[in-house]
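Residue-level structural notes
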Amino acid sequence: MNIVVCISSVPDTTSKINFTENGSKFDSSGIQFVINPYDEFGLTKAMMLKEKAGGNVRVITVGDALVEPVMRKALAIGADSAIRINANPTDSYFTANEIAIYLKENPADLIIAGRESIDYNSGAVGGMIAEILNLPFVNACNGLEIDGNSAKLCREIEGGKENLSASLPLVIGGQKGLVEESDLRIPNMRGIMQARSKPLMVIEPSSDENLTSSESFEKPAEKSACKLVEIGNEAELVRLLQEEAKVI
Amino acid sequence: MSVLVYTENWKGKFRKSTFEAVSYANELAKLLATDVVALSFGEVSDEELNKLGNYGASKVLSVSGINKGDSQQVANIFAKNAADASIIIFASTYTSKMIAPRLSAKLKIGIASNVISLPSSTSPITISRKAFSGKAIEKTIIKTEKAILTLAPNAFGLVECVGSCSIEKINTSENASVLIEGEEITRGKISLAEAEIIVSAGRGLKGAENWGMVEELAELLGAATACSKPVADIGWRPHEEHVGQTGKAVAPNLYIAIGISGAIQHLAGVNSSKVMVVINTDAEAPFFKAADYGIVGDAFQIVPKLIEEIKKAKN
Ligand SMILES: Cc1cc2nc3c(=O)[nH]c(=O)nc-3n(C[C@H](O)[C@H](O)[C@H](O)COP(=O)(O)OP(=O)(O)OC[C@H]3O[C@@H](n4cnc5c(N)ncnc54)[C@H](O)[C@@H]3O)c2cc1C
Ligand SMILES: Nc1ncnc2c1ncn2[C@@H]1O[C@H](COP(=O)(O)O)[C@@H](O)[C@H]1O
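Predicted, not measured: the structure shown is a model, and the values here were computed from it. (Residues numbered from 1 in each chain as written. Chains lettered and ligands numbered in written order. Predicted model: local features only at pLDDT ≥ 70, side-chain atom pairs only at ≥ 80, totals over all residues. Heavy atoms only, no water.)

Taken together, 28 residues lie around ligand 1, and Ser228, Ser261, Gln265, His266 and Asn280 of chain B are the ones closest in. Flanking ligand 1 are residues from chains A and B. One of the side-chain nitrogen or oxygen atoms of His266 of chain B is found 2.7 Å away from an oxygen atom of ligand 1. One nitrogen or oxygen atom from the side chain of Asp298 of chain B is found 2.9 Å from a nitrogen atom belonging to ligand 1. Isolated, ligand 1 exposes 990 Å² of accessible area, and the fraction of that covered by the protein chains is 76%. The class makeup of the residues in the shell around ligand 1 is seven nonpolar, 16 polar and five charged. (Near = heavy atom within 4 Å. Polar contact = N/O pair within 3.5 Å; in protein donor to acceptor, adjacent residues only side chain to side chain. Areas by Shrake-Rupley, 256 points an atom, 1.4 Å probe, with all protein chains shown as cover. Nonpolar A, V, L, I, M, F, W, Y, C, P; charged D, E, K, R; others polar.)

This part takes up the side chain of Ser86 of chain B. Residues and elements named next belong to chain B. With respect to the helices and strands, the residue Ser86 is situated in strand S6 (residues 85-90). Here Ser86 falls in the buried class, since its relative accessible area comes to 17%. Dropping the residues within four chain positions of it, Ser86 is found in contact with Met1, Ser2, Leu32, Lys146 and Ala147. (Helix = DSSP H or I, 4+ residues; strand = E, 2+ residues; numbered from the N terminus. Buried < 20%, exposed > 50% of the residue type's maximum accessible area, 1.4 Å probe, protein only. Contact = heavy atoms within 4.5 Å.)

To continue, consider the packing of helix H3 (residues 71-80) of chain B against helix H4 (residues 96-107) of chain B. All names here are of chain B. At a closest axis distance of 9 Å, the pairing of H3 and H4 adopts a crossing angle of 50°. When the interaxial angle is binned, H3 and H4 end up oblique. In terms of crossing hand, the pair formed by H3 and H4 is right-handed. Contact residues: H3 offers Ser71, Gln72, Val74, Ala75, Asn76, Phe78 and Ala79, while H4 offers Met98, Ile99, Arg102, Leu103, Lys106 and Leu107. Broken down by class, the residue content of the contact of H3 with H4 amounts to eight nonpolar, three polar and two charged. (Axes fitted to C-alpha atoms, helices over the stretch in contact; angles between N-to-C directions. Parallel < 35°, antiparallel > 145°, perpendicular 65-115°, else oblique. Left-handed = near helix turned anticlockwise from the far one by under 90°.)

So, about the site of ligand 2. All names here are of chain A. Looking at ligand 2, there are 20 residues lining it, with Asp39, Gly114, Ser117, Gly123 and Ala124 nearest. At 2.9 Å from an oxygen atom of ligand 2 is found a main-chain nitrogen or oxygen belonging to Cys6. Between ligand 2 and the protein, one listed contact pairs a nitrogen atom with a side-chain N or O atom of Thr61 at 3.4 Å. Within the complex, 95% of the 480 Å² of free accessible area of ligand 2 lies under protein. Considering every element that reaches the shell around ligand 2, the biggest residue donor is strand S6 (residues 56-62), with three residues. When the residues that make up the shell around ligand 2 are grouped by side-chain class, the tally is nine nonpolar, nine polar and two charged.

Here we come to the environment of Ala147 of chain B. Residues and elements named next belong to chain B. Locating Ala147 in the fold gives a position in strand S11 (residues 147-151). In this structure Ala147 comes out as buried when scored by relative accessible area, which is 1%. Spatially, the C-alpha atoms of Ala147 and Ile137 are 19 Å apart, while their sequence positions differ by 10 residues. Dropping the residues within four chain positions of it, Ala147 is found in contact with Ser86, Ile87, Ile88, Ile109, Gly110, Ile125 and Ile142.

Note that all results are geometric; they support no functional claim without further evidence.
The structure is reproduced here in structure tokens:
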């Protein structure tokens, strides 16, 4: 089976988020970039599928040279090859379109994106790729088994899960449940060494089309200080929640 | 021209988030001096469809006989009925998050998700949305003439109005690409995504056997229960309850955090809550910096007392 995993390189979850140039640009100084956590579940699932049924796992990203360490990490975890489309993504459509153009020339049986990226939180790229390629799409996918050409999937819905079936080729937006946290792989020395000689192909973007633009960022208003209620005076907390906050 | 809104039902009943989306669409329609048209998928009674009129829909297109979780099928039908729409609105649900981006790529209409405001300008449509897991607000410009907006959960309330809507039934012959084999509903109660109050607890509670008081407090408040990640990982609570960066993102009116330290990854999933209350023995716990109200002390002492006081206040 031929699998492509879309990798978004995002600030580590503990990062403090700042902006420069009048709030127009994300300040990446001092930021540690990692594989988007949802994509990490997808990558691990791809490795497991390959180990079971054979095949090939490619990772793809749209980004400038700064994202290469993250792609090397994906290779160290076990991907066979990496593709970097050499452009700074300007919006979800731009990213999805570039990936779809690559996939039209170099098809895959299974395309795994993440449910959303933890930086832009658009939750859009996977669905857009599916639409451009005219493929089925299951988002918030938390279970996947493949047998030949047919897939049994599970997706999260409000208050539960839905079991689905579809046939390949197929696009999913993955999340925890696809594999468990304990299944995630930390690259070992051998993997890191091998990753150095695995192919990381750089291709130039084919279009500059986008549908939205990001104008500026600001940080949400600081919360005012926490009002502390003395232990033993729970009645006061109830009063505050009723009369001041008006939430109960 | 119209504002088109996706109205999602659960077993024939519209979700609260659906009525919120229609309310938002109605505010927007007033701004644009146009009407709200609702698009519904799946079997919904006329009585239920009529409820959309109470929030501002003037026309409802009801498409039955389809699997509404099949994003390809739904996006195709959507596209056929969107010609007249200048703005398309989605509430934030798992299903809408599959359809909205597809529709964006299909019709080449710019999309903004996690929207938290009405547009600050309508030409071009300029909108505020949450990004960086709630750590920033992004101003996005939609460059296309039309726009698709997906609303952040619980960002807008219900606005009722007097109105009625006409109902039009649409038959479809779209083929399905994804089949539903079944479903497992973990909690018949209140789903986290839609809960107005959430009572959440962390490792400070020391063991699964101590959740009785958490459930009692939740029950009393009509709240959903949630937990921190380690609690789900150890197996004290089901994974469905895990909130945070890698779990569910929630945005209730009230979030009560009991014995949760307030790690940045936990806060990323809950900091959109309108009011946060923290109960923790450690006055230095980071959660106190994010919370609105707090009590420093032992949860095993405080929570039962709190339950008692709420019962009193209710009588
Ligand atoms: C990539 C990544 C993603 C993550 N994603 C998430 C996520 O989505 N959600 C999440 O929750 N975490 C997430 N985490 C984990 C996070 O960093 C914290 O480890 C976790 O949130 C801590 O859970 P906790 O507060 O329950 O436990 P602890 O940190 O152990 O805190 C327990 C708290 O309880 C208090 N306490 C102890 N006894 C009592 C008592 N008797 N009464 C009252 N208070 C008491 C303590 O003072 C302490 O503050 C993630 C971590 C990483 C690295
Ligand atoms: N620049 C990118 N390169 C490759 N894949 C991406 C990129 N941005 C987003 N994705 C994929 O799309 C998913 C959803 O991202 P988003 O739509 O930005 O929330 C991510 O989890 C990735 O799998």
